[in-house]
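Fold and contact review
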Amino acid sequence: MKKTLGMANTKVLAIIGAILVIAGIAFFATSKGGATTPMGKLEKAIADLPVEFEKTSEDFSPGFDIAKMNKKIEEDGIYSMDLNLNTDYLKAIGIDKAGVQISQKNLPKDKKTQLNLSVSVGNMLAANLDFTSIDKELYLNIPSVYEKAFKFDLSTIGADLQNDIIKEETGEDMSALKDLKVDLYAVPSTVKAMKDEYFTYVKSEFEALKNNAVVETGDLDTKLADSVKGYNSSRSDLEQLNIQVKSQDVKALLKKSIDYYEDLQSRQITGMDLSEVQAQFDDLKKEIDDEELPEVFTIKALLSKDNKLVLLAFDVEEDSNLNLFFVGEKNTTDHIVVTAVNEEDKIDVVEFKMSTGEKENEIKVNTFDDMVKISAIYGKDEKSLNMDIDTSEDMSLKLQGKYEDVKPGVGYNFVIDSLKADYAGQAIDFKGNILFSLETPTIEVPKDSVEILKVDKDELDKIMEKVEENVKNNYGFLLSMMGIL
């Protein structure tokens, strides 16, 4: 029987708030090099964590220049990804090959996005859906259903829905949506821009929290130090910093974060009754206000002599805490463990471990007492990747493939030799590839389109007649098999 650790909701809130504090410290860190104050040491140690993660990634699959990739996609958000999967699973019923293709392109600063989904069965293209978003215009193109793309002007979509033809066809009164406008690009277009805006939004709450926080050197908790050694860490001369944070400041930060998420939604959708959504946000903030937290709670940080963060211990309640270990040898993030501990139990919530060898590198991940186990092996010579994912629910996923055409910091083609999904003994095997690139893709307006919400009755009837004809011609066999025709 698996162990359980009863943690009250109230304490989980404290942990979420503490994580926001740590993220804020990393974002606002200003201390450099040889900072000697407790806060300076803490800022530097936390700000170094992203660098450690990048080193771990690069060591696992060298030559990809992960740091450059991460920085580029974070700053400009430009990428293209093509996934192609095929299977002979249906061969027993006379279909030699079936597959799915997904293509996505993103040019956020140009306000352009495109998603294409294709499904094929045998020699027949079962479906091809193309969504293209350019600024305030959205295009839906289904060539097998209609030869022109359907165009929607999101800046006037509420007014367009008032078309009498729409009301006649749907039987719905759309007057409540007459002022509806949608702006998919009203929010920050990149991860960096989103992060910058969020921390600007919560700046006053975070600064109040930081100014009221107390960070000081404490006596080394030998039990925590021994737990670090328990993971065979050779990092020595550990120093303990105690971070005391006021719960009222954490609550203020949490509520302001909810306000930010609400603000994002309100920028994208206007002219629509969102009172139910607003009520849910208000209820959540009230729950935060009503939660009974200790006036002050403590986070303990253990730093090594080279000022690397090796442990964060969150005091959840008396004799109960959550520990986050960074105990890798070369890079601290080569070995990460999250444990939940109380008087009776210790649960390894998540353990991640990366190790390198002469020919192969390996990553192992275990979660919740082996509820999910992941193993990934990277072969250096062939740039191969073999991955196994097993769960306690009789489900597994096995991947075998190799990287080709690797352009450091830019992209690659990952050839999938086998992707086998197995559930309760029923397995399906795919082959294909994933093409990923940070080079600038081309996204264009469909050559021919019809603004479907603005057509008159005669044109709509012609469109619907053609759609019905195409559906019967292209999908009649499938629909008859399903008993629809």
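The structure reproduced in this document is the subject of the present report. Throughout, residues of each chain are indexed from 1 in the direction in which the sequence is written. For this predicted model, a pLDDT threshold of at least 70 governs which residues receive local features, and a threshold of 80 or more governs which side-chain atom pairs are given and counted, while totals over whole chains, interfaces and linings are taken from all residues. Hydrogens and water molecules were not included; the side-chain quantities draw on all heavy atoms of the structure.

Some thoughts on the side chain of Thr132
Starting at the N terminus, helices and strands are each numbered in turn, a helix being any DSSP run of H or I of at least four residues and a strand any DSSP run of E of at least two. Tracing the sequence through the fold places Thr132 in strand S4 (residues 124-134). In the analysis that follows, any N or O atom pair within 3.5 Å is treated as a polar contact, provided that within protein one partner can donate a hydrogen and the other can accept it, and provided that, for residues neighboring in sequence, both atoms belong to side chains. There is a polar contact of 2.8 Å between the side chain of Thr132 and the side chain of Asp130. Should any heavy atoms of two residues lie within 4.5 Å, those residues are considered in contact. Every residue in contact with Thr132, bar those within four places of it in the chain, is listed here: Thr113, Gln114, Glu137, Leu138, Tyr139, Ile443 and Glu444.

Quick look at the pattern of salt bridges
Note on definitions: salt bridges are taken to be side-chain nitrogens of Lys or Arg within 4 Å of carboxyl oxygens of Asp or Glu. If you walk through the whole model with that rule in mind, you get 30 salt bridges. Two residues, Glu205 and Lys256, come together in a salt bridge whose shortest N-O distance is 3.7 Å. Remark: Lys256 occurs in helix H10 (residues 247-268) and Glu205 occurs in helix H8 (residues 203-212); sequence separation between them is 51 residues. What makes Glu205 buried here is its relative accessible area of 17%. Lys256 sits in the partly exposed class, given a relative accessible area of 22%. Look at the salt bridges and you will find they share partners, linking Glu168, Glu169, Lys457 and Asp461 into a network. A 1.4 Å probe rolled over the protein chains alone gives each residue an accessible area, and that area as a share of the maximum for its type sets the label: buried under 20%, exposed over 50%, partly exposed in between.

Observations regarding the side chain of Asn323
Its location among the elements puts Asn323 in strand S13 (residues 320-326). Apart from residues lying up to four places away in sequence, Asn323 is in contact with Leu224, Leu311, Leu312, Ala313, Phe314, Val337, Val338, Thr339 and Val341.

A look at the nonpolar core
Counting 40 residues, the largest nonpolar core has Leu42, Ile243, Ala301, Leu309 and Leu312 as its most contacted members. Among the elements that take part in this core, H10 stands out by supplying 6 residues, more than any other. Dropping the residues within four chain positions of it, Leu312 is found in contact with Ile22, Ile299, Lys300, Ala301, Leu322, Asn323 and Leu324. Counting 22 residues, the second largest nonpolar core, distinct from the first, contains Phe60, Leu85, Val365 and Tyr378. To define a nonpolar core, start from buried Ala, Val, Leu, Ile, Met, Phe, Trp, Tyr and Cys residues and group those joined through side-chain atoms within 4.5 Å.

With respect to the packing of aromatic side chains
A pair of aromatic rings is counted whenever rings of Phe, Tyr or Trp (Trp by its six-membered ring) have centres within 6.5 Å, and the orientation is called stacked for planes under 30 degrees apart, edge-to-face for over 60 and tilted otherwise. For the coordinates displayed, the defined rule picks out 15 aromatic pairs. Taken together, a centroid distance of 4.9 Å and an interplanar angle of 80° make the contact between Phe64 and Tyr403 edge-to-face. One end of the pair, Phe64, is in the loop between helix H3 (49-60) and helix H4 (66-76); the other, Tyr403, is in strand S19 (residues 395-407), with 339 residues separating them in the sequence. Across this residue pair, the class does not change: Phe64 and Tyr403 are buried. What links up through ring pairs into an aromatic cluster is the set Phe60, Phe64, Tyr79, Tyr378, Tyr403, Tyr412, Phe414 and Phe436. Consider the ring centre and the ring normal. A charge sits over the ring if Lys NZ or Arg CZ is within 6 Å of that centre and within 35 degrees of that normal. Over the face of the ring belonging to Tyr201 we find Lys256, whose NZ or CZ atom lies 5.0 Å from the ring centre.

Focus on the packing of helix H7 (residues 191-201) against H10
Closest axis-to-axis distance for the H7/H10 pair is 10 Å, and the angle between their directions is 130°. When the interaxial angle is binned, H7 and H10 end up oblique. For H7 against H10, the interelement crossing comes out right-handed. Residues Met194, Glu197, Tyr198 and Tyr201 of H7 pack against Leu253, Lys256, Ser257, Asp259, Tyr260, Asp263, Leu264 and Arg267 of H10. Charged residues are taken to be Asp, Glu, Lys and Arg, nonpolar residues to be Ala, Val, Leu, Ile, Met, Phe, Trp, Tyr, Cys and Pro, and polar residues to be all remaining types, Gly included. Grouping the amino acids of the contact of H7 with H10 by side-chain chemistry returns 6 nonpolar, 1 polar and 5 charged. Interaxial angles span 0 to 180 degrees and are taken between N-to-C directions of axes, which are lines fitted to C-alpha atoms, for helices over the stretch in contact. Oblique is the label for any angle not covered by the other classes, which are roughly parallel (under 35 degrees), roughly antiparallel (over 145) and roughly perpendicular (65 to 115). Crossing chirality is assigned from the near helix's rotation relative to the far helix, an anticlockwise turn below a right angle marking it left-handed and a clockwise turn marking it right-handed.

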